[in-house]
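As a plain string of letters, each chain reads:
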Amino acid sequence: MRTYCKDVKFDEDFILKSISVYIADHDDNVAMIKLFAWYGNVSHTKARRLMSENTQFVVEIQKQIAAEMEWHIRTRTIREHVMMTDPAEPIIRYVPIIDGNNGKHRELGIEKMMLQLYEVVLRDALAPLFKAKVGVFQVAAIKKKGQSYGKRHMKRWLERDPDGTKYLWKADVHKCYPSVPREKLRQRLHRDVHKNADAVYLCDAVIDLYIEADMAAQRPDPSRGILIGSPAAKDLSNYYLSDAYHYASEQIAVMEKRRGQEKRKRLLSHIMIYADDIVMTGSSKRDLRKAAFILIDYMSENLGLSIKDTWQMTKFTYVSKDGSRYGNVIDFMGIVFRSVKSSLRYYGKNQTKLRKVVTTVRDSIFLRGRRKFVKVVDKLHHKIALTQAYAMSFMAYNGWIKVNDTFNFQKESCWKQVSKIAARIIGRYAKEKPYETEYYYKKWRKLYA
């Protein structure tokens, strides 16, 4: 069996390159300031000031941390290193949160900063493994494979393969992150990186610290869970679910005898996994249902994960000959796909079925984005300074509107022009230039007056 990451060396240069980016992104984090204060032997207040004013101080501490991490990996003493930095702080602190997108209650695991840095190194070291194993149509939190990538390919399937997308099965994994069995994850990592002893040890050290932290906190099941919000969480989750993706896309099939010959028949046409949401399509409801139960059993037996009972088997929207619309839309990745027209196209003597599909933003997401848009316009109108944080929160919705079929809405509301103004404001804040209230008011007046 092929192994990965054989040539990755955990030397000081690799570790420094890995952690320096993470430190720069989290330099205002209280835990990061505490770590720098501990290494610099200064107070928290002085560490905060030095981190913002003295670049040399930051560089020296980064080099010191990288050198110690390299030594502790080599001497197999990661646990001791994590424990001795700020000993009074727990290894992992769990904080209940409410997801702003869907209102779900989740539990965020906040690790000691030193453990986070070891996870960053683990994530970067195992990047070749994650790239090789994660499926083509696993589309969550992966560079160049986000929602726009998933939307483009899902729409292409629906439009160009009407027969193969006649029926859809949609489901999601029950509490995916908290339910991942740690020993099964460890076994898979050992299987794929066993030729790199340092990588194997780093994987073991991180998983063992998870278990130790949960046992110390007397949590119900210390043998399960990936921390929501940890640096390596999304990559480990995608890697673990890639087993189910490859099984479904490559092995769910039956042997059929036709005209005296046995042929292998796939039970599904397409599969896409977005985080822990799974969508499979097929031409036969019976075959797709059989494939769904095979996948549910496989995930339960081999991955220790269960599918929620709320899974849906539905027929995709279609328009009958009399113009009536039947079937159901598919709401996936925050995007709603619906069929509006079917047609036949002839290529010489060959006849091909096609389907026109439109995509819109999920109602709840569209409503939140529109409220932010209205507030941005109102601030421009009344010459009230738009903060960088609010401008960035508004721009987070720009991608949803831009990549979907919202041309009329954008034209009527001047969405594109307002988003350009917001982008300019963010840029000026980043360059520490003054806010031009009158200038942005004139921009608003030109659009709406």
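Residues numbered from 1 in each chain as written. Predicted model: local features only at pLDDT ≥ 70, side-chain atom pairs only at ≥ 80, totals over all residues. Heavy atoms only, no water.

Draft legend 1. Representation of the overall build of the chain within the structure. On a plain count of helices and strands, the chain comes out with 19 helices and 13 strands. Over its C-alpha atoms, taken along the principal directions, the chain stretches across nearly 80 × 70 × 40 Å. Looking at the 449 residues of the chain, the share that counts as buried comes to 45%. Long-range pairs, those at least 24 residues apart, make up 67% of the contacts in the chain between residues at least 6 apart in sequence. Split by element, the accessible area of the chain, about 24,300 Å² in all, is 50% carbon and sulfur. The distance from the centre of the 81 positive side-chain charges to the centre of the 51 negative ones in the chain is 11 Å. (Helix = DSSP H or I, 4+ residues; strand = E, 2+ residues; numbered from the N terminus. Buried < 20%, exposed > 50% of the residue type's maximum accessible area, 1.4 Å probe, protein only. Contact = heavy atoms within 4.5 Å. Areas by Shrake-Rupley, 256 points an atom, 1.4 Å probe, with all protein chains shown as cover. Lys, Arg positive; Asp, Glu negative; His and termini not counted. Charge placed at Lys NZ, Arg CZ, Asp CG, Glu CD.)

Draft legend 2. Representation of the packing of aromatic side chains in the model. Inspection of every chain in the model, using the stated rule, returns 20 aromatic pairs. Arranged with centres 5.3 Å apart and planes meeting at 75°, the rings of Y439 and Y440 form a pair that is edge-to-face. Exposure remark for Y439: the relative accessible area of 31% places this residue in the partly exposed category. Owing to a relative accessible area of 2%, Y440 belongs among the buried residues under this scheme. Cluster of aromatic residues (ring-pair linked, three or more members): F366, F373, F394, F409 and W415. Lying over the aromatic face of Y94, R219 brings its terminal NZ or CZ to 3.6 Å of the ring centre. For the cation-ring pair, K383 lies above Y441, with the distance from its terminal atom to the ring centre recorded as 4.5 Å. (Phe/Tyr/Trp six-rings, centres within 6.5 Å; stacked < 30°, edge-to-face > 60°. Lys NZ or Arg CZ within 6 Å of the ring centre and 35° of its normal.)

Draft legend 3. Looking closely at the packing of helix α2 (residues 30-40) against helix α3 (residues 44-53). At their nearest, the axes of α2 and α3 sit 8 Å apart, and the two run at 100° to each other. By the angle between their directions, the pair α2 and α3 is classed as roughly perpendicular. Residues M32, I33, K34, F36 and A37 of α2 touch α3, and the partners they reach there are H44, A47, R48 and M51. Classifying every residue of the contact of α2 with α3 by side-chain character gives 6 nonpolar, 1 polar and 2 charged. (Axes fitted to C-alpha atoms, helices over the stretch in contact; angles between N-to-C directions. Parallel < 35°, antiparallel > 145°, perpendicular 65-115°, else oblique. Nonpolar A, V, L, I, M, F, W, Y, C, P; charged D, E, K, R; others polar.)

Draft legend 4. Up close: the sheet that holds strand β11 (residues 330-332). Taken in spatial order, the 3 strands of this open sheet run β11-β12-β13, and their pairing is antiparallel. Each end of this open sheet is capped by a strand with a single partner; those strands are β11 and β13 (350-361). Within the sheet, the average angular offset between the axes of one strand and its neighbour, ignoring direction, is 40°. Here 3 bridges tie β11 to strand β12 (residues 335-347), and the two strands are oriented antiparallel to one another. Following the sheet pairing, F332 is matched in β12 by I335. Helix α8 (residues 147-160) contacts β11, β12 and β13 of the sheet and is inclined by roughly 145° relative to β13. (Pairing = 2+ DSSP bridges.)

Draft legend 5. Broad picture of the environment of G164. Along the polypeptide, G164 turns up in the loop between α8 and β3 (167-172). Each C-alpha atom of the pair G164 and L268 lies 7.9 Å from the other, and the pair is 104 residues apart in sequence. Contacts of G164, omitting those with residues within four sequence positions, involve S269, H270, T281, G282 and S283.

Draft legend 6. Examining unusual backbone geometry more closely. Backbone geometry at K383 places phi at a positive 60°, although glycine is not the residue there. Mapped onto the elements, K383 comes out in the loop between α14 (363-381) and α15 (388-395). We note that E432 has phi near 60°; this positive angle belongs to a residue other than glycine. Residue placement: E432 occurs in the loop between α18 (415-430) and α19 (437-448). For E432, a relative accessible area of 74% gives the class exposed.

Draft legend 7. Broad picture of the side chain of T85. On the secondary structure map, T85 appears in the loop between α5 (78-84) and β1 (92-98). Among the polar contacts listed, one links the side chain of T85 to the backbone oxygen of V82, at a separation of 3.0 Å. (Polar contact = N/O pair within 3.5 Å; in protein donor to acceptor, adjacent residues only side chain to side chain.)

Draft legend 8. The arrangement of the pairing of β13 in detail. Judged from the 12 bridges that link them, β12 and β13 form a sheet pairing that is antiparallel. In the sheet register, R338 faces β13, and the bridge partner there is V358. In this antiparallel pair of consecutive strands, β12 and β13, the connection spans 2 residues, and G348 shows a positive phi of 70°.

Draft legend 9. Representation of a positive patch on the surface. A contiguous patch of positive charge, built from R424, K431, K433, K443 and K446, is present on the exposed surface. Within the element layout of this structure, K433 appears in the loop between α18 and α19. With a relative accessible area of 42%, K433 lands in the partly exposed category. (Patch = residues over 30% accessible without salt bridge, like charges linked within 9 Å, V, L, I, M, F, W, Y side chains within 5 Å. Salt bridge = Lys/Arg side-chain N within 4 Å of Asp/Glu carboxyl O.)

Draft legend 10. Seen up close, the layout of surface pockets. The volume enclosed by the second largest pocket comes to roughly 410 Å³. Lining the second largest pocket are 13 residues; nearest its centre among them are A127, F130, I142, K143 and D235. Breaking the lining of the second largest pocket down by element, the ones donating at least two residues are α6 (113-125), α7 (127-133) and α12 (233-251). (1 Å grid on protein atoms, 1.4 Å probe; cavity = no way out; pocket = protein on both sides within 12 Å on 5 of 7 lines; lining within 4 Å. Points joined across faces, edges and corners; volume = space filled by probe spheres on them.)

Draft legend 11. Fine view of the sheet that holds strand β6 (residues 270-274). Strand order in the open sheet made by the 4 strands is β6-β7-β3-β8, with antiparallel pairing throughout. Each edge of the open sheet is held by one strand with a lone partner, namely β6 and β8 (312-315). With strand direction ignored, the average angle separating the axes of adjacent strands in the sheet is 15°. Contacts from α8 reach β3, β6 and β7 (277-282), with the element oriented near 160° to β6.

Draft legend 12. Looking closely at the nonpolar core. Grouped together as the largest cluster of nonpolar side chains are 131 residues, with contacts concentrated most on W169, I278, M280, L295, M299 and F337. In terms of residue count, the dominant contributor to this core is helix α11 (residues 197-216) (12 residues). With sequence-adjacent residues up to four places away left out, M299 is seen in contact with V173, L241, A244, I278, G304, L305 and I307. (Core = buried A, V, L, I, M, F, W, Y, C linked by side-chain atoms within 4.5 Å.)

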